[in-house]
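Residue strings, one per chain:
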Amino acid sequence: MIYDANTLDLDEPLETDILIIGAGPAGITIAKQFADSPLRVIILESGGASYDYSAQDLNRGSITGIPAEPLDASRLRLFGGTSNHWAGWCRPLDKEDFDVRDDWSESGWPITKDDLSKYYDRATVLCQLTSTKFDDFKYWKSQIGTQHLNKLNLNNNRLLTSIFQISPPTRFGEAYRQDLEEANNIRVILNATVLELLKSSDSSLNSQIKKISGVLASTPKRKKFTVKAHTTVIAVGGVETSRLLLLSNKVHPQGAGNENNLVGKYFMDHPWLRSISYLRFQKPGTNWPLYFNQTKVNSSRIFATLTASPTLKKSKKIGGFRLWLRPSKVSSAGIDSARTIIKHLTHGNLVDNLEGHITNIFADIDTLADVSYKSLFQVRSSPFEHKPKYSDPYLGAFIDLNIEQRPNPESRLTLDNKIDAFGQRSIKLDWRLHDTDWHTATTALDIAAQEFGRINAGRVHISLQGNKPNWPPLITSSNHHMGGARMSSDPKKGVVNADCRVHSIENLYIAGSAVFPTSGYANPTLTIVALSLKLAEHLRGILK
């Protein structure tokens, strides 16, 4: 059943067995597992059934450090959460993403990929994907309409072809609304913003293991009410999780679960460098549909990226990465010639075949104007962009690079001094990258250039060089908010344990990407859903 908090009689506290805060993919996934069970479930969703500017304004926050997408634009506050503008890219984390690395002291999950395997399989169903066989290329080749797909002949000790499936994309609020409406034991309450967690009366601030009684919430009209719960699950995303914990300073002075000053630390995203390099094809007309196109296979679509092999990550001591190839029909010959001339002049030399290079520049003068405009004004579009014909051949491919961010305690979420509409302190993100992240990015492009050269595909212009970080101004985030309440078996290294229970609070759990100790290179939604299924099974076991 679905209600609007504005229309409910909230003078008396609501009571439930399981309280879920947030109706995004994580919250809806968990609630579905309890449909028509003997347990009472309440979901509190801050937003309404559709987009509302007042609710969305609650997502505002400030950003320092590395430039990231605005916090009120990168996540949505309504029924279904951020799945309402999710692109649908799905892939599980790799086996080594869960492992402890000798060169990364912050690495390692207290669970393995095998522990998540069956939940990943179920998550593919919830995300409306075709198969659980992501990298089984023989399987994909056996499907109708995929015979034209071929993998590049790469050195698999360096680069791998990693396949993503694209969900329709699943809008969790739309897809599973009826399930929640028809479940007699589930109440979804919209327009109910949780303000803080409430300490149980039989729990002391000094207790090593505390207990909460529920939450204090409010309607948009500032009608405050409480919900009492046996067990509470926070499922509000990778940013808001830290904010809610830090705001709950009546549970602990530094914030709920923050006895070891870890809440908000180790914030991660996937740094995104759009069109950071360009592969100029040896043969015009080169076409790699597995990498260039999204091929329809049954209910979903697939495409491939190039990723680091476990051997490469270990030998180079880098994080994971993915290279996304975006084909182009625009010539880069003039740009390459201009760079070659400038490079030689810098060293006091004239370039060989100067006449040929000048010819290239004049032939591609519109492309040079486009690139110069974008570089000068640090924008992604210009009035000089060339519009190729449909029949024009592919001449190259722009390379987008997303990297795994090494966990960094200096990259963190804290409470800001700015106040939202409820009088609550808003969130502040200080996004920091590690020197290792620069090494990951430069290595990724170097290895790609070497591999494309080895298979005679063409030449790559590399714009990231040097040993010291010098991130370009157009670096941005992927809106994959992770960390801040990381998972660890050691309370001094993490906020939650392997079951996603807050170490210091016996009846508080966290669902979502806030618990990720490391991020891998894959988009987080499929893993969020898998972890939510695992958490739901755990709760069913202890709440019988």
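Below or above, wherever it landed, is the structure these notes cover. The structure displayed is predicted, hence computed values, not measured ones. (Residues numbered from 1 in each chain as written. Predicted model: local features only at pLDDT ≥ 70, side-chain atom pairs only at ≥ 80, totals over all residues. Heavy atoms only, no water.)

A few points about the overall build of the chain
Helix and strand content of the chain: 13 helices and 19 strands. In terms of its C-alpha atoms, the chain occupies a principal-axis envelope of roughly 85 × 50 × 45 Å. Taking all 544 residues of the chain together, 56% fall into the buried category. For the chain, the proportion of contacts with a sequence separation of at least 24, taken over those separated by at least 6, is 75%. In the chain, 64 positive and 55 negative side-chain charges are present, and the distance between their average locations comes to 2 Å. (Helix = DSSP H or I, 4+ residues; strand = E, 2+ residues; numbered from the N terminus. Buried < 20%, exposed > 50% of the residue type's maximum accessible area, 1.4 Å probe, protein only. Contact = heavy atoms within 4.5 Å. Lys, Arg positive; Asp, Glu negative; His and termini not counted. Charge placed at Lys NZ, Arg CZ, Asp CG, Glu CD.)

A few points about the side chain of S426
Within the secondary structure layout, S426 lies in strand β17 (residues 425-431). The exposure class of S426 is buried, given its relative accessible area of 8%. Those residues in contact with S426, other than ones at most four positions away along the chain, are R60, R243, T414, L415, D416 and K418.

Digging into the environment of I318
Tracing the sequence through the fold places I318 in the loop between α8 (310-316) and β14 (321-328). On the basis of relative accessibility, which here comes to 0%, the residue I318 falls in the buried class. The residues touching I318, leaving out its near neighbours within four places in the chain, are R101, W104, L312, K313, H439, T440 and T443.

Details of empty space enclosed by the protein
Taken as a whole, this structure holds one cavity of 30 Å³ or more when the rule is applied. In this structure, the largest cavity spans a volume of roughly 30 Å³. Residues belonging to the lining of the largest cavity are distributed by class as follows: four nonpolar, one polar and two charged. (1 Å grid on protein atoms, 1.4 Å probe; cavity = no way out; pocket = protein on both sides within 12 Å on 5 of 7 lines; lining within 4 Å. Points joined across faces, edges and corners; volume = space filled by probe spheres on them. Nonpolar A, V, L, I, M, F, W, Y, C, P; charged D, E, K, R; others polar.)

Let's talk about unusual backbone geometry
A cis amide bond links P168 with the next residue in sequence, P169, at an omega value of 10 degrees. Unusually for a residue other than glycine, D36 sits at a positive phi of about 60 degrees. By the element assignment, D36 lies in the loop between α1 (25-32) and β3 (41-44). Taking relative accessible area as the criterion, D36 reaches 58% and is therefore assigned exposed. Unusually for a residue other than glycine, Y266 sits at a positive phi of about 65 degrees. For Y266, the location among the structural elements is in the loop between α6 (237-247) and β11 (272-281).

Some details on the packing of aromatic side chains
All chains considered together, the criterion is met by 18 aromatic pairs. On the numbers, 5.5 Å between centres and 65 degrees between planes, the contact of F281 with W288 is edge-to-face. For the residue pair F281 and W288, the accessibility class agrees, reading buried in each case. Note on W438 and W471: the rings are 5.1 Å apart at their centroids and 85 degrees apart in plane angle, and the pair reads as edge-to-face. Here the residue W438 occupies a position in helix α12 (residues 435-454), and W471 occupies one in the loop between β18 (458-462) and β19 (508-510), the gap between them amounting to 33 residues. (Phe/Tyr/Trp six-rings, centres within 6.5 Å; stacked < 30°, edge-to-face > 60°.)

Notes on the state of the cysteines
Scanning the model with the defined rule gives zero disulfides in all. No disulfide involves C127; its sulfur sits 4.5 Å from the nearest other cysteine sulfur, which is in C90. For C127, a relative accessible area of 0% gives the class buried. No disulfide involves C500; its sulfur sits 17 Å from the nearest other cysteine sulfur, which is in C127. The class of C500 is buried, set by a relative accessible area of 4%. (Disulfide = S-S within 2.5 Å.)

Some words on the packing of helix α3 (residues 113-126) against helix α13 (residues 525-542)
For the pair α3 and α13, interaxial distance at closest approach is 8 Å and the crossing angle is 115 degrees. As summarised for this structure, α3 and α13 are arranged roughly perpendicular, according to the angle between their axes. Here the hand of the crossing between α3 and α13 comes out right-handed. Residues D115, L116, K118, Y119, Y120, R122, A123, T124 and L126 of α3 form the contact with α13, whose own contacting residues are L526, T527, V529, A530, L531, L533, K534 and E537. In terms of residue class, the contact of α3 with α13 is made up of 10 nonpolar, two polar and five charged. (Axes fitted to C-alpha atoms, helices over the stretch in contact; angles between N-to-C directions. Parallel < 35°, antiparallel > 145°, perpendicular 65-115°, else oblique. Left-handed = near helix turned anticlockwise from the far one by under 90°.)

Quick word on the pairing of strand β10 (residues 224-234)
Taken together, the seven bridges between strand β2 (residues 14-21) and β10 define a ladder with parallel strand orientation. Across the sheet, the residue bridging to E15 is K228, located in β10. Connecting the antiparallel pair strand β9 (residues 212-218) and β10 is a turn made up of five residues, with R222 showing a positive phi of about 70 degrees. For β10 and β19, the ladder comprises three bridges, and the chain directions are parallel. Paired with T232 across the bridge in β19 is L508. (Pairing = 2+ DSSP bridges.)

A look at the pattern of salt bridges
Any two side chains of opposite charge can pair, so long as their charged atoms come close to each other. Applying the stated criterion to the full structure yields 26 salt bridges. In this structure, R91 and D94 form a salt bridge, with 3.4 Å as the shortest nitrogen-oxygen distance. Of the two residues, R91 and D94, neither departs from the other in class, the shared state being buried. Among the ionic pairs, E537 bridges to K118, the shortest N-O distance being 3.4 Å. (Salt bridge = Lys/Arg side-chain N within 4 Å of Asp/Glu carboxyl O.)

Considering the nonpolar core
Membership of the largest hydrophobic core comes to 143 residues, with the highest contact counts inside it found for L44, L197, W288, F321, L401 and F452. In terms of residues, this core owes the most to one element, α13, which gives nine residues. L44 has contacts with L19, I20, I21, G22, I189, A192, V194, V215, A217, F225 and V227, leaving out every residue within four places of it along the chain. Of all hydrophobic cores here, the second largest spans seven residues; its members include W89, I166, F303 and W324. (Core = buried A, V, L, I, M, F, W, Y, C linked by side-chain atoms within 4.5 Å.)

A look at α12
For α12, spanning 20 residues, the distance from its first C-alpha to its last is 29 Å, which sits close to the expected 28 Å at 1.5 Å a residue. With 14 of its 20 residues buried, α12 lies for the most part within the structure. At the exit of α12 stands N456, carrying a positive phi of roughly 60 degrees. (Expected span 1.5 Å × (residues − 1).)

Details of the sheet that holds strand β4 (residues 61-65)
Read across the sheet, three strands follow the order β4-β17-β16 without closing on themselves; strand pairing throughout is mixed. The sheet is open, and its two borders are formed by β4 and β16 (412-419), each paired with just one other strand. Taken over all neighbouring pairs, the strand axes of this sheet differ in orientation by 30 degrees on average, direction set aside. When β4 meets β17, the two strands line up parallel, connected through five bridges. Bridged to S62 within β17 is K428.

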